[in-house]
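Chains, contacts and geometry: an overview
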Amino acid sequence: MNAEPLVVSLDFWNTLYAYDTAPEERRAERDSLLAQRLRHEGVADEALTASLFDVASELIKDGWRRGTPLSRAAVATGVGQRFPSYDRNRLSQWLSFLEDLYAGPLAPVPLPGAAELVDRVSSLAPLYLVSDTFFVPGRVIRHLLIRDGIFACFTGVFFSDELLVKKPDPASLLAIAARERIKPQQIIHVGDTLESDGEAARACGADFLLLAPESVTAGGPVGSFAPSLPAVARMLEARLRGD
């Protein structure tokens, strides 16, 4: 048996969920649905339709790059500088419409084995979700987890747009340690990137398990890795049971 209890945290994007369509397909559908919404409101603006998402997305990314994440209201204000013909409230409504598409027709889907992993691990240890967010906010990810019946398996969820800090800053992992009253070294974090997930774990001393195909890790040692979620589940179960 483990001398100290362990806690598990999971990344969301490309760890639990991923898109099953190509970016150009999502763009075409997003633009088409936005155009329908605008026409319904009597707005015919091809430039707005084609670039509203891109302008907002770049503002959000730029805020993270500068270390000053933007609120949704601030994003709408920034978009308004590009499209001064529309007031901020209207732009906010259209941005919310675009966000909600990612809980509907543009939603990412669970990766194979995701539900089983969450169910198995949560029965053995406290389980947390730690996700960076860009255009798609935490509220949408939370909706997806509820819709798919796995939200209740998580002891807690941390989204960068709500915490106002993103990986590789270890703030979310440190928050988990504080909540569980454990040392960060008792956390096993699972993610798909060395640069954000791996660095966040390293920065606070948490253990890290990389989800990556074997071909990605063949170039050199990266520590613990698993090629699939079923493999992650087996490795975590062995660790949590003290095998």
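Residues numbered from 1 in each chain as written. Predicted model: local features only at pLDDT ≥ 70, side-chain atom pairs only at ≥ 80, totals over all residues. Heavy atoms only, no water.

**Observations concerning the overall build of the protein chain**
Looking only at helices and strands, one finds eleven helices and eight strands in the protein chain. In terms of overall size, the protein chain behaves like a compact globule, its C-alpha atoms giving a radius of gyration of 20 Å where 243 residues would be expected to give roughly 18 Å. Principal-axis analysis of the C-alpha atoms places the extent of the protein chain at approximately 65 × 40 × 30 Å. Split into buried and exposed, the 243 residues of the protein chain put 45% on the buried side. The long-range share in the protein chain, meaning contacts at least 24 apart out of those at least 6 apart in sequence, stands at 68%. Total accessible area on the protein chain stands at roughly 11700 Å², and carbon and sulfur atoms take up 53% of it. The averaged location of the 32 negative side-chain charges in the protein chain is 4 Å from the averaged location of its 25 positive side-chain charges. (Helix = DSSP H or I, 4+ residues; strand = E, 2+ residues; numbered from the N terminus. Rg over C-alpha atoms; globule rule 2.2 N^0.38 Å. Buried < 20%, exposed > 50% of the residue type's maximum accessible area, 1.4 Å probe, protein only. Contact = heavy atoms within 4.5 Å. Areas by Shrake-Rupley, 256 points an atom, 1.4 Å probe, with all protein chains shown as cover. Lys, Arg positive; Asp, Glu negative; His and termini not counted. Charge placed at Lys NZ, Arg CZ, Asp CG, Glu CD.)

**So, the pairing of strand 7 (residues 207-211)**
The element strand 7 is largely enclosed, with a buried count of four among its five residues. Sheet topology note: the strand 6 (residues 187-191)/strand 7 ladder contains four bridges and is parallel. Looking at strand 7, one finds that Ile 188 is bridged to Asp 207. (Pairing = 2+ DSSP bridges.)

**Digging into a negative patch on the surface**
A surface patch of negative charge is lined by Asp 20, Glu 24, Glu 25 and Glu 29. Along the chain, Glu 29 falls in helix 1 (residues 23-40). (Patch = residues over 30% accessible without salt bridge, like charges linked within 9 Å, V, L, I, M, F, W, Y side chains within 5 Å. Salt bridge = Lys/Arg side-chain N within 4 Å of Asp/Glu carboxyl O.)

**Quick notes on the confidence of the model for the protein chain**
When the pLDDT values of the protein chain are averaged, the result is 93; 95% of them are 70 or greater. Under a pLDDT of 50 for its full length, residues 218-222 has, in the predicted model, three contacts with residues more than four places off or in other chains. (pLDDT = per-residue confidence, 0-100.)

**Some details on the sheet that holds strand 5 (residues 156-159)**
Read from one edge to the other, the open sheet built from six strands follows the order 5-4-1-6-7-8, with strand pairing classed as parallel. Single-partner strands in this sheet number two, and they are strand 5 and strand 8 (225-226). Packing against the sheet, helix 6 (residues 138-147) makes contact with strand 4 (127-131) and strand 5, and its axis sits at approximately 145° to strand 5. Relative to the sheet, helix 8 (residues 171-180) contacts strand 1 (7-10), strand 4, strand 5 and strand 6, its axis offset from that of strand 4 by approximately 155°. (Axes fitted to C-alpha atoms, helices over the stretch in contact; angles between N-to-C directions.)

**Here's the deal with the pairing of strand 6**
Most of strand 6 sits inside the fold, with five of its five residues counted as buried. Burial along strand 6 is two-sided: the face carrying Ile 187, His 189 and Gly 191 and the face carrying Ile 188 and Val 190 are both buried.

**Quick notes on the nonpolar core**
Formed by 60 residues in total, the largest nonpolar core has its most connected members in Leu 10, Leu 129 and Phe 154. A total of seven residues in this core trace back to one element, the largest contributor, which is helix 2 (residues 46-65). Among residues more than four places away in sequence, those in contact with Leu 129 are Leu 10, Asp 11, Phe 12, Leu 16, Ile 141, Leu 145, Phe 154, Gly 156, Val 157, Phe 158 and Phe 159. Formed by 16 residues, the second largest nonpolar core is a distinct cluster that contains Phe 158, Ile 176, Ile 182 and Phe 208. (Core = buried A, V, L, I, M, F, W, Y, C linked by side-chain atoms within 4.5 Å.)

**Observations regarding the packing of aromatic side chains**
Aromatic ring pairs are reported here in terms of the distance separating the ring centres and the angle at which the planes meet. Inspection of the entire model under this criterion finds nine aromatic pairs. Between Tyr 19 and Tyr 102, the aromatic rings sit 6.2 Å apart at their centres with planes inclined by 65°, giving edge-to-face as the arrangement. Of the two residues, Tyr 19 is situated in the loop between strand 2 (17-18) and helix 1 and Tyr 102 in the loop between helix 4 (88-101) and strand 3 (109-110); the sequence distance between them amounts to 83 residues. Assessed through its relative accessible area of 3%, Tyr 102 is described here as buried. (Phe/Tyr/Trp six-rings, centres within 6.5 Å; stacked < 30°, edge-to-face > 60°.)

**Topic: the environment of Ala 212**
On the secondary structure map, Ala 212 appears in the loop between strand 7 and helix 10 (214-217). Along the chain, Ala 212 and Tyr 128 lie 84 residues apart, while their C-alpha atoms are 20 Å from each other.

**A short note on the packing of helix 2 against helix 4**
Packing of helix 2 against helix 4 brings their axes to within 11 Å, and their N-to-C directions diverge by 80°. Of the possible angle classes, the one that applies to helix 2 and helix 4 is roughly perpendicular. Contacts between helix 2 and helix 4 involve Leu 48, Leu 52, Phe 53 and Ala 56 from the first element and Leu 91, Trp 94, Leu 95 and Leu 98 from the second. Residue composition of the contact of helix 2 with helix 4, grouped by class: eight nonpolar, no polar and no charged. (Parallel < 35°, antiparallel > 145°, perpendicular 65-115°, else oblique. Nonpolar A, V, L, I, M, F, W, Y, C, P; charged D, E, K, R; others polar.)

**With respect to helix 2**
With 20 residues, helix 2 extends 29 Å from end C-alpha to end C-alpha; this agrees with the ideal 28 Å at 1.5 Å per step. Of all the residues in helix 2, the buried ones are Leu 48, Thr 49, Ser 51, Leu 52, Phe 53, Val 55, Ala 56, Ser 57, Ile 60, Gly 63 and Trp 64. Against the buried residues of helix 2 lie helix 1, helix 3 (72-82), helix 4 and helix 7 (160-163). If you check the start of helix 2, you find a side-chain oxygen 3.2 Å away from the backbone N of Ala 47, and it comes from Asp 45. The positive-phi residue at the C-terminal boundary of helix 2 is Gly 67, with phi of around 80°. (Expected span 1.5 Å × (residues − 1). Polar contact = N/O pair within 3.5 Å; in protein donor to acceptor, adjacent residues only side chain to side chain.)

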